[in-house]
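Each chain is listed here by its residues.
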Amino acid sequence: MNTIDNLAKLPSRFSESALREEMLTHGKFITVNKDDTIVREGQYLDFLPIVIKGEIRVFQQKEDREILLYYVREGQTCMMSLSAAYFSNTSTSYGVATEPSELFVFPARLVNEWQLKYPSWNAFLIQTFRSRYDELLGSFESVAFDPIDKRVLTYLANRAKKENTQKITISHQQLAYELGTTRVVISRILKAFEQHGKLKLFRGYIQLK
């Protein structure tokens with residue numbers, strides 16, 4: 001793929017031509033498969049990823065539970081990775097691809113340099129921290145104040161809307177990971193919903209009504 005094609009793949013929000021040229025000079029495009037781990041907890045990050053296509057699930061893991069933090073989608077980067085790179089710390093979370101994805105990765109040492117040189121990059125960093133802060137605050141409020149059964153229904157309804165289908169392909173364990181609880185709790189709640197006619201359980205998926 002030539003330089004013009006690669007320039008076109010970079011998010012348009014990076015408006016300075018010099019920045020876009022530097023990005024191609026120092027960075028590269030990579031492809032990852034579903035379930036590939038991009039970042040591990042405790043890893044020292046010498047690179048930063050920007051999602052070109054696909055999605056990355058960012059979470060923390062404690063014993064047998066996972067705590068979902070957020071998803072990184074097209075044109076976005078991971079705030080946790082950005083923070084680790086910005087302050088030369090190790091990662092405090094995992095980043096795993098939820099589907100085949102294309103990423104643009106570049107040396108983390110350039111984060112500070114580009115922030116001083118390019119207004120569009122500086123705006124990108126500020127927006128990343130602000131949007132993730134709002135998202136994490138919303139998740140905290142949900143965990144703190146919403147009962148788990150309400151959170152289950154909200155999650156399934158959001159998935160149905162996003163995927164435009166009432167058939168949600170997910171296991172009880174995966175749903176437990178998404179909501180930061182245990183499979184036993186999820187199975188009990190789903191069984192109660194089924195008994196009340198809100199959904200139908202099948203092996204590997206849930207059919208909403």
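Residues numbered from 1 in each chain as written. Predicted model: local features only at pLDDT ≥ 70, side-chain atom pairs only at ≥ 80, totals over all residues. Heavy atoms only, no water.

A. Layout of the overall build of the protein. Broken down by element type, the protein carries 8 helices and 10 strands. With the principal axes as the frame, the protein shows a C-alpha extent of 60 × 35 × 25 Å. Looking at the 209 residues of the protein, the share that counts as buried comes to 42%. Summarising the internal contacts of the protein: among those between residues at least 6 apart in sequence, 68% fall at separations of at least 24. Just so you have it, the protein exposes about 11700 Å², and 52% of that area is on carbon and sulfur atoms. On the protein, the mean spot of the 28 positive side-chain charges and the mean spot of the 24 negative ones are 7 Å from each other. (Helix = DSSP H or I, 4+ residues; strand = E, 2+ residues; numbered from the N terminus. Buried < 20%, exposed > 50% of the residue type's maximum accessible area, 1.4 Å probe, protein only. Contact = heavy atoms within 4.5 Å. Areas by Shrake-Rupley, 256 points an atom, 1.4 Å probe, with all protein chains shown as cover. Lys, Arg positive; Asp, Glu negative; His and termini not counted. Charge placed at Lys NZ, Arg CZ, Asp CG, Glu CD.)

B. Spotlight on the packing of helix α3 (residues 79-86) against helix α5 (residues 119-145). Interaxial distance between α3 and α5 falls to 10 Å at its minimum, and their mutual angle equals 130°. The angle between α3 and α5 places the two elements in the oblique class. Note that α3 runs across α5; the crossing there is left-handed. From α3, Met79, Leu82, Ser83 and Tyr86 reach across to α5, where they touch Leu125, Thr128, Phe129, Arg132, Tyr133 and Leu136. Looking at the contact of α3 with α5 residue by residue, the class counts come to 7 nonpolar, 2 polar and 1 charged. (Axes fitted to C-alpha atoms, helices over the stretch in contact; angles between N-to-C directions. Parallel < 35°, antiparallel > 145°, perpendicular 65-115°, else oblique. Left-handed = near helix turned anticlockwise from the far one by under 90°. Nonpolar A, V, L, I, M, F, W, Y, C, P; charged D, E, K, R; others polar.)

C. Region of the structure containing the sheet that holds strand β2 (residues 37-39). In spatial order, the strands read β2-β6-β4-β5; together these 4 strands make up an open sheet with antiparallel pairing. At either end of the open sheet lies a strand with only one pairing partner, and these are β2 and β5 (65-72). Each strand of the sheet is rotated relative to its neighbour by a mean of 35°, with strand direction disregarded. Each of β4 (56-62) and β5 is contacted by helix α7 (residues 172-179), which is oriented at about 75° to β5, the strand it contacts most. (Pairing = 2+ DSSP bridges.)

D. Summary view of the packing of aromatic side chains. This model, assessed by the stated rule, comprises 10 aromatic pairs. Ring centres 5.0 Å apart and planes at 85° place the aromatic pair Phe14 and Phe124 in the edge-to-face group. Here Phe124 lies in helix α5 and Phe14 lies in the loop between α1 (3-9) and α2 (17-26), a separation of 110 residues in the sequence. Note on accessibility: Phe14 and Phe124 belong to one class, buried. Centroid distance Trp114 to Trp121: 5.3 Å. Interplanar angle 85°. Geometry classified as edge-to-face. Given the relative accessible area of 0%, Trp121 is considered buried. An aromatic cluster is built from Phe14, Phe29, Phe104, Phe106, Trp114, Trp121 and Phe124, whose rings are joined through pairwise contacts. Above the plane of the ring of Tyr205 lies Lys167, whose end atom (NZ or CZ) is 4.4 Å from the centre. (Phe/Tyr/Trp six-rings, centres within 6.5 Å; stacked < 30°, edge-to-face > 60°. Lys NZ or Arg CZ within 6 Å of the ring centre and 35° of its normal.)

E. Fine view of the pattern of salt bridges. Counting across every chain of the model gives 12 salt bridges. One salt bridge connects Asp134 with Arg130, and the closest N-O pair in it is separated by 3.1 Å. Of this pair, Asp134 and Arg130 both sit in helix α5, 4 residues apart, which is roughly one turn of that helix. Judged by relative accessible area, Arg130 falls into the exposed class, the value being 54%. The partner of Glu163 in a salt bridge is Arg159, with the nearest N and O atoms 2.5 Å apart. One end of the pair, Glu163, and the other, Arg159, are both in helix α6 (residues 148-163), 4 residues apart, so they sit about a helical turn from each other. In this structure Arg159 comes out as buried when scored by relative accessible area, which is 17%. (Salt bridge = Lys/Arg side-chain N within 4 Å of Asp/Glu carboxyl O.)

F. Seen up close, the environment of Phe124. Since its relative accessible area comes to 2%, Phe124 is described here as buried. Sequence separation between Phe124 and Ala144 is 20 residues; the distance between their C-alpha atoms is 30 Å. The residues contacting Phe124, other than those within four sequence positions of it, are Arg13, Phe14, Ile50, Gly75, Gln76 and Thr77.

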